[in-house]
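Structural description and commentary
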Amino acid sequence: MADVFGAPAQYANDPSTIPSGVPEELRLDMGDADILRIVQQKEAEAREYNSMLLKRNQDNEAYWKGDQLNTTTQYAWRDQTVQNHVFMATETVVPIVISENPEVAVFPAQQTPEAEKIADKLQKMCRYHWDRLFMQDKMAVFARHLVIYRFAVIKFFWDYLKDDIGTIIVNPKQIKLDPAATGPEDARYLFHEYEVDRDELTRRYPDKAAELPTGTVDNNGTVPDDKQQLKSVVRVTEFWSPEYTCTYVGSTVLEKKRNPFYDWVGEAPNEGLVGEGEGAAERAFYNYWDAPRMPFVVRTVFTTGDHLAGDTTLLEQARPMQDSINERKRQIETNAKITANGWTLVDSSVMSQEDARRITNEPGLTIVGPGVAEQGKLRRESGSPLPAFVMEDLMHSQAAFDNLFGTHGTTRGERGAQETATGRAILRQADLGRIELIVRVMESAITELSRGWVQCMRLFYTEQHAVKLLGREGGYEYLTLSRDEIEDGIEVMVKAGSLMPQDKVGFRNEAIELWQMGAIDPVTFFERLNYPNPKDTAERLVLWKQGLLEGMPVPQPGPQTLPGGEPIPPEVQEQLAAAQQAA
């Protein structure tokens, strides 16, 4: 096997197919200093581009938090009002795009009952990990990042403490991307910077404890201003390529190794892990991936394909309108104060300027001074109201903002005075069309994440892994899976559109109409009504109609109805009775 990182056995006969993530001069036998020099060259190469991304992301985050005042141009006497439409729109979009759990589909490698059984087990295992890792909550953060930042990142790993897959959402401010990459497929490398407690780092790397810096430092050896007092925190950087990873702090390399999420060595029958030599062709490589990849899922929404990160975000495009809304609101607030309070005009012969400043709007205030009662000596004048176009412009900016985000009042839950139920449904569906792009990006990310999970299972499930699943009928199902069961050729993907929010009221009404026409069976009917145990409920309905349900009165002759009051057609009653007799 070649000793260049990224050249496993399967590439040895054709060096032109070796992935180009790491320069060829980076070798297994290199010392820490040489490896760090090459890695830091890549970091310097990426610094300018990622500094621009960091600045954009920080500015966008500030707007989302409501920090929208430009203190360098804002007069102290002006109103400081901020009407944060950015936050309102973002937090309207996020719950919509995560309202449904994704449907992960696993297609068998062969059309055999055994292969289909394995695919079904793997599909259930992916669903188990989705629930176990609370991925719906984590994907809310991912969706928020897609709106705010130029890109969003998921990282999966093997949790050795739990002996299972782990997954986190990484803040894009901790990531440095390859500036030459145009998409996830051609990214040569990625940097992940994060802070770790010194004691935890010492536990992980006890032989490197003496080399750790004494204070909080970044990888340039400087102490960040906001971390001067946090002496127990160390900033760590992970360098990743498809073939190699290196973890370092400052000038200290903590760890360097091949990508641990790919089987580089393989296993020969009945021999365990083996090196090169005779029998190499018989090795089984436990990989779902066809080539090594980094354990990160990077996605963006608005891109022209020039870079891995997006060219803009929804939030960035909405910022000018947010500024316009704030400006008009401040003008209205400032004018309201002037109009309500007005000016007090005092002749200098009546009182001194110091005494005039004591005049307030207090009810029943008594003012005493020479000639204060004479006409023209003391008077109040109110301000002029703003022109009508100011309010019109405010409403126009708010409407333009909602049009951009696809978050009109109907989608936010507000109700217009003249809206009908059908009109609301049409308006909401139009908004969902704008949000659908984000949903498609998230489905793509979950597909790649699920494939990463399967790669981890193929690599680390060396023994039977047992889990307990909650079944659809409310019961429990025990499931076991090992890597030997996962066949080559299995396909994993998320069903398109499964994340889009469903019109549950529409489904319910449609189910009732089909039921009344006798065009739907009782189990499907109760599934559409989202009953927790549709099969049991259908059986109990049949028993009740036949007077066989213990403790329940026999239904009286007359129109047969559902518990909700809808009539059951006679032909459907006959079907139910026939089904019961057959059972």
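An account of the accompanying structure is given in this report. No experiment lies behind these values; they were computed from the predicted model shown.

1. Observations regarding the packing of aromatic side chains
Counting across every chain of the model gives 15 aromatic pairs. Relative to phenylalanine 239, the ring of phenylalanine 191 lies with its centre 5.2 Å away and its plane at 55°, an arrangement referred to as tilted. Here phenylalanine 239 lies in strand 6 (residues 233-240) and phenylalanine 191 lies in strand 5 (residues 190-197), a separation of 48 residues in the sequence. One exposure class covers both phenylalanine 191 and phenylalanine 239, and it is buried. Where phenylalanine 525 meets phenylalanine 526, the ring centres are 5.2 Å apart and the plane angle is 65°; that geometry is what we call edge-to-face. Ring-pair connections join several aromatic residues into one group, and the members of that group are Phe156, Trp158, Trp240, Phe261, Trp289, Phe296, Phe460 and Tyr461. Across from the ring centre of tryptophan 264, 5.2 Å away, lies the NZ or CZ of arginine 258, which sits over that ring. We note arginine 319 situated over the ring of tyrosine 63; from NZ or CZ to the ring centre the distance is 4.4 Å.

2. Brief notes about the nonpolar core
Counting 88 residues, the largest nonpolar core has Met442 and Met457 as the members making the most contacts within it. Those residues in contact with methionine 457 that lie beyond four places of it in its chain are Leu122, Met125, Cys126, His129, Ile165, Leu481, Arg483 and Ile486. Formed by 13 residues, the second largest nonpolar core is a distinct cluster that contains Ile35, Leu36, Tyr189 and Cys246.

3. A closer look at unusual backbone geometry
Even without being glycine, phenylalanine 134 reaches a positive phi, approximately 50°. By the element assignment, phenylalanine 134 lies in the loop between helix 3 (113-132) and helix 4 (135-148). Of note, aspartate 163 is a non-glycine position whose phi angle comes to about 55°, a positive value. Examined against the element boundaries, aspartate 163 turns out to sit in the loop between strand 2 (152-159) and strand 3 (164-170). What makes aspartate 163 partly exposed here is its relative accessible area of 44%.

4. Notes on helix 1 (residues 32-65)
For helix 1, built from 34 residues, the straight-helix expectation of 50 Å at 1.5 Å per residue is missed by more than 12%, its first-to-last C-alpha distance being only 42 Å. In the structure, helix 1 departs most strongly from a straight axis at arginine 47, where the bend amounts to approximately 50°. The positive-phi residue at the C-terminal boundary of helix 1 is glycine 66, with phi of around 100°.

5. Structural notes on the environment of glutamine 174
With respect to the secondary-structure elements, glutamine 174 resides in the loop between strand 3 and strand 4 (175-177). On the basis of relative accessibility, which here comes to 31%, the residue glutamine 174 falls in the partly exposed class. Non-local contacts of glutamine 174, meaning those with residues more than four positions away in its chain, are made with Phe191, His192, Glu193 and Tyr194. In this structure the side chain of glutamine 174 is engaged in a polar contact, spanning 3.4 Å, whose partner is the side chain of histidine 192.

Rules and cut-offs
- Residues numbered from 1 in each chain as written.
- Predicted model: local features only at pLDDT ≥ 70, side-chain atom pairs only at ≥ 80, totals over all residues.
- Heavy atoms only, no water.
- Phe/Tyr/Trp six-rings, centres within 6.5 Å; stacked < 30°, edge-to-face > 60°.
- Helix = DSSP H or I, 4+ residues; strand = E, 2+ residues; numbered from the N terminus.
- Buried < 20%, exposed > 50% of the residue type's maximum accessible area, 1.4 Å probe, protein only.
- Lys NZ or Arg CZ within 6 Å of the ring centre and 35° of its normal.
- Core = buried A, V, L, I, M, F, W, Y, C linked by side-chain atoms within 4.5 Å.
- Contact = heavy atoms within 4.5 Å.
- Expected span 1.5 Å × (residues − 1).
- Bend = angle between axes of the 7 residues up to and from the residue.
- Polar contact = N/O pair within 3.5 Å; in protein donor to acceptor, adjacent residues only side chain to side chain.

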